[in-house]
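Residue-level structure breakdown
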Amino acid sequence: MNLYRAHVLVCGGTGCHSSNSDKIKEKMEDRIKEKGLENEVKVVMTGCFGLCESGPNVVVYPEGVFYSHVKLSDVDEIVDEHLLKGRVVKRLLFKEAVEENIIKSVNEVDFYKKQTRVALRNCGIIDPENIEEYIAYDGYQALARALTEMTRDEVIQLVKDSGLRGRGGAGFPTGLKWDFTKKASGDKKYVVCNADEGDPGAFMDRSILEGDPHSVLEAMTIAGYAVGSDQGYIYIRAEYPIAVKRLQIAINQAREYGLLGENILNSGFNFDIELRLGAGAFVCGEETALIESIEGKRGMPRNKPPFPANEGLWGKPTLINNVETYANIPVIFQRGVDWFRSIGTEKSPGTKVFALGGKIENTGLVEIPMGTTLRDIIYGIGGGIPKGKDFKAVQTGGPSGGCIPKEYLDTPVDYESLTKLGSIMGSGGMIVMDEDNCMVDIARFFLDFTVDESCGKCTACRIGTRRMLEILEKITSGKGEPGDIEKLEELANNIKDSALCGLGQTAPNPVVSTLKYFRDEYEAHVYEKRCPSGHCRRLVTFVIREDLCKGCGLCKRNCPNDAITGEVREAHVIDPEKCIKCGTCIEKCPFGAIEKR
Amino acid sequence: MGLKFDWEKNKEKIHELELFIEENKNKKGALMPVLHKAQDIFGYLPLEVQNIISEGLSVPLSEVYGVATFYSKFSLIPKGEYTIGVCLGTACYVKGSQEILDKVQEILNIQVGETTADGKFSLQATRCLGACGLAPVMVINDEVYGRLTPDAVEGILEKYK
Ligand SMILES: Cc1cc2nc3c(=O)[nH]c(=O)nc-3n(C[C@H](O)[C@H](O)[C@H](O)COP(=O)(O)O)c2cc1C
Ligand code: SF4
Ligand code: SF4
Ligand code: SF4
Ligand code: FES
Ligand code: FES
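Residues numbered from 1 in each chain as written. Chains lettered and ligands numbered in written order. Predicted model: local features only at pLDDT ≥ 70, side-chain atom pairs only at ≥ 80, totals over all residues. Heavy atoms only, no water.

Details of the interface of chain B and chain A
Residue-level contacts link 31 residues of chain B with 53 residues of chain A. Both sides of the chain B and chain A interface together cover about 3400 Å² of buried area, and 58% of this is carbon and sulfur. At the junction of chain B and chain A, the tally comes to three salt bridges. Between Lys-27 of chain B and Glu-274 of chain A there is a salt bridge, and its shortest N-O distance comes to 3.8 Å. (Contact = heavy atoms within 4.5 Å. Buried area = accessible area lost by both parts, 1.4 Å probe. Salt bridge = Lys/Arg side-chain N within 4 Å of Asp/Glu carboxyl O.)

As structure tokens, then:
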């Protein structure tokens, strides 16, 4: 094996990939060859680094020099200056990687320093398309230990002792689920990985699959051994082409290495994994709908019980876990239960990955110990709200979750605390909203999503959510009437109580939680026909402040509907009858004289 | 665009599909993978194709139709040459992707789910594309455009016209 003096890691996650990081990697390799460095420097394409906001990202080891916003045209300079002459290209460094002229390595940057990477341990570090790299980072050791040194019950006991809880949203104890599936009677059993990742603003599972696919395969195989199954399925969204490709490569490599297939590691244990693609139905993230879909049917949820552990795929006992849940398994075996329990809280050990997005400085993936406060995540790691705006709320749990206001920023994040606030942990979407976001409109946005995705099996969900959406649309367009808010509450209770599956049962959450914390915004829309954040176009009026207007005429010239009049150097006025509320004038006014009211 | 299915022109494609059906028909739950393959090959799932699948897998046509219409990825009508997807994932929405979508609709004069009369563009609203760092985001076929403003839309669409 060749010993390289330097490694260049180029992020190949979806975010950076979409800004051409694959071409950056190729060009880097070409230039390195041109300079005769190909035996000294190795270029590796990895999964997401987590800091997608500043992509495309490149890190050079051993120093850990972190370059961000790298363009194709920057490649030659990195090779010629840094790799050849050993001079760091300062202008390309990540903004927080330089402090008082000292260059910080990637691990010392605040964004990473405050994280604990367990599920994401290999993401952005190894080449996901090369099984050797996974093995070099202790990959498949857990499987070897389970198969050769442990009984099935010992494996399950270890998972139970770790206290690991399902990362797909509900937080069900993983070891217990494995135990149920093992104890269920059946001649055939299945192990399923839920990679449907339905939350419309999140990409944790995708990044794990793109960056470290073998950790999921290894864990599923361990699970197969524990519960007594020889066949696994990964149900993955068709919208994730890179993840699908890397998973298929990983499965093929694992088969070649005898880590999948018959007689794995000479233990006599057989297990194989097949990919099944989803086809764009959110409800298929619900486990029984997912099972229907793998069976080749419409993805409509089944009644529970029976639970999948007893009657799942083709009526057989089926273990179903989320991607991130599986990604935790191998490392728990490697480093032990005590280590795992030393992270996080008593009731929720370990970490959680969040896709941090919205109005936040550092958009990307963060993994934090359970029990970290929302404030630490948003301000400590996320870098706070851009443009000096005020924080308004943070949304967790996607369409099943809720919005949490400023007062609760010091809440430690775990399953119970978020539920208590009327939101949920969910699968890991965390969207930050600032003063410009209208909470009624956000509730409308989520209801719009649910109405679209309701499978239609039960009336409460199908009709009820539609009724709620209609009312919300009425309110945001300025036609709200007294009684509408109360009607929303009544519908919410109805749907919660009578929907068959989690989709319907949790669909009202975004409305209920915003009503709880931002009722005044609803009331302003309904009773005063006013949108306090200025978001709902039909409810705002554009006004020029006489005291600030210098009469420069810029707004007048740019108004598309000739709604502004006024003489040069005199205060201008907007004719509300003509104004189409396009917002152009606000952007154009150099003196900030125009306001939304 | 004619919606009539041309058996002669599609001969090779039909053959490809039939081969795939043959290979997979004994697999459990083969209908979804076969529908995916057919969608890839033809770009949509006309009744004729559903019939081939129904016969090949011995699944009633009503069931094939039921499954094909349940999932949004499967389309019963042909798509345009370029599929535009504007991300309405939460991260993009809070950063104003609705305005991007409105602008595309205005310029192309079509609604979400529709195709322009010349068969050039189809418009979809997608969920998170995994590029939230670039929000708001739009994709045209495989090309991703990020950090968009409504003003930038016209210039981007121009490139494909
Ligand atoms: C409407 C709905 C959507 C869901 N979507 C997902 C999803 O995208 N990914 C996921 O892992 N679990 C999802 N779940 C939860 C699954 O039903 C199931 O609880 C989970 O896959 C179990 O894995 P875990 O115990 O490892 O979390 C969803 C549940 C509901 C009700
Ligand atoms: S609650 Fe909604 S999504 Fe769930 S089964 Fe009923 S109609 Fe379908
Ligand atoms: S919002 Fe638009 S239409 Fe209204 S005054 Fe300003 S520029 Fe004119
Ligand atoms: S652009 Fe501003 S300062 Fe100039 S005329 Fe308009 S409102 Fe007055
Ligand atoms: S995709 Fe490159 S940092 Fe996330
Ligand atoms: S929400 Fe649009 S890319 Fe994630």
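Focus on helix H19 (residues 484-498) of chain A
Residues and elements named next belong to chain A. For H19, with 15 residues, the first-to-last C-alpha span of 21 Å sits near the 21 Å given by 1.5 Å per residue. Along H19, the residues that are buried comprise Asp-484, Ile-485, Leu-488, Leu-491, Ala-492 and Ile-495. Buried residues of H19 fall within an arc of 120° about the axis and therefore sit on the same side. Opposite its buried face, H19 presents the exposed residues Glu-490 and Asp-497, each directed more than 90 degrees away. (Helix = DSSP H or I, 4+ residues; strand = E, 2+ residues; numbered from the N terminus. Expected span 1.5 Å × (residues − 1). Buried < 20%, exposed > 50% of the residue type's maximum accessible area, 1.4 Å probe, protein only. Arc of directions from axis to C-beta.)

Describing the pattern of salt bridges
All names here are of chain A. Here the structure, examined in full by the defined rule, presents 53 salt bridges over all chains. Where Arg-545 meets Glu-595, a salt bridge forms, and the shortest distance between an N and an O atom there is 3.1 Å. Pair noted here: Arg-545 is in the loop between strand S16 (542-544) and helix H23 (554-558) and Glu-595 is in strand S19 (residues 594-596), with a separation of 50 residues, a long-range link. A relative accessible area of 28% means that Arg-545 is categorised as partly exposed. Look at Glu-595 and you get partly exposed, because its relative accessible area is 25%. Through salt bridges with shared partners, a single network forms among Arg-31, Glu-34, Asp-76 and Asp-80.

As for the site of ligand 3
Within the structure, ligand 3 sits among 13 residues, and Cys-559, Cys-579, Ile-580, Cys-582 and Cys-585 of chain A are positioned closest to it. Per-class residue counts for the shell around ligand 3 are ten nonpolar, two polar and one charged. (Near = heavy atom within 4 Å. Nonpolar A, V, L, I, M, F, W, Y, C, P; charged D, E, K, R; others polar.)

Things to note about the packing of H19 of chain A against helix H21 (residues 509-517) of chain A
All names here are of chain A. Interhelical geometry of H19 versus H21 gives an angle of 135° and a closest axis separation of 10 Å. By the angle between their directions, the pair H19 and H21 is classed as oblique. When the axes of H19 and H21 are compared, the crossing they make is left-handed. Facing H19, whose interface residues are Ile-485, Leu-488, Glu-489, Ala-492 and Lys-496, H21 presents Asn-509, Val-511, Val-512 and Leu-515. Across the contact of H19 with H21, the residue classes tally to six nonpolar, one polar and two charged. (Axes fitted to C-alpha atoms, helices over the stretch in contact; angles between N-to-C directions. Parallel < 35°, antiparallel > 145°, perpendicular 65-115°, else oblique. Left-handed = near helix turned anticlockwise from the far one by under 90°.)

Examining the confidence of the model for chain B
Residues and elements named next belong to chain B. Summing up the model confidence of chain B, the mean pLDDT is 93 and the portion of residues at 70 or higher is 98%. Highest mean pLDDT in chain B belongs to helix H4 (residues 61-70) (97); lowest belongs to strand S4 (residues 143-145) (89). Reported confidences for the modelled complex are a pTM of 0.93 and an ipTM of 0.94. (pLDDT = per-residue confidence, 0-100.)

Looking at the packing of aromatic side chains
For any pair of aromatic rings, the description rests on two quantities: the centre-to-centre distance and the angle between the ring planes. Scanning the entire structure with this criterion turns up 21 aromatic pairs over all chains. A centroid spacing of 5.0 Å and a plane angle of 90° characterise the contact between Phe-111 of chain A and Tyr-112 of chain A, whose relative ring orientation is edge-to-face. Between Tyr-82 of chain B and Phe-121 of chain B, the ring centres sit 5.9 Å apart and the planes meet at 35°, which makes this aromatic pair tilted. On the criterion of sequence distance, the pair formed by Tyr-82 of chain B in strand S1 (residues 82-87) and Phe-121 of chain B in strand S2 (residues 121-126) is long-range, its members being 39 residues apart. For Phe-121 of chain B, a relative accessible area of 2% translates into the label buried. Here a set of aromatic residues connected by ring pairs shows up, and it is made of Phe-66, Phe-94, Phe-111 and Tyr-112 of chain A. (Phe/Tyr/Trp six-rings, centres within 6.5 Å; stacked < 30°, edge-to-face > 60°.)

What to know about the pairing of strand S10 (residues 318-322) of chain A
Residues and elements named next belong to chain A. Summarising burial for S10: five of the five residues are buried, a large majority. In this structure, strand S7 (residues 190-195) lies alongside S10, joined through five bridges in parallel fashion. Among the inter-strand pairings, Val-192 is bridged to a residue of S10, identified as Ile-320. (Pairing = 2+ DSSP bridges.)

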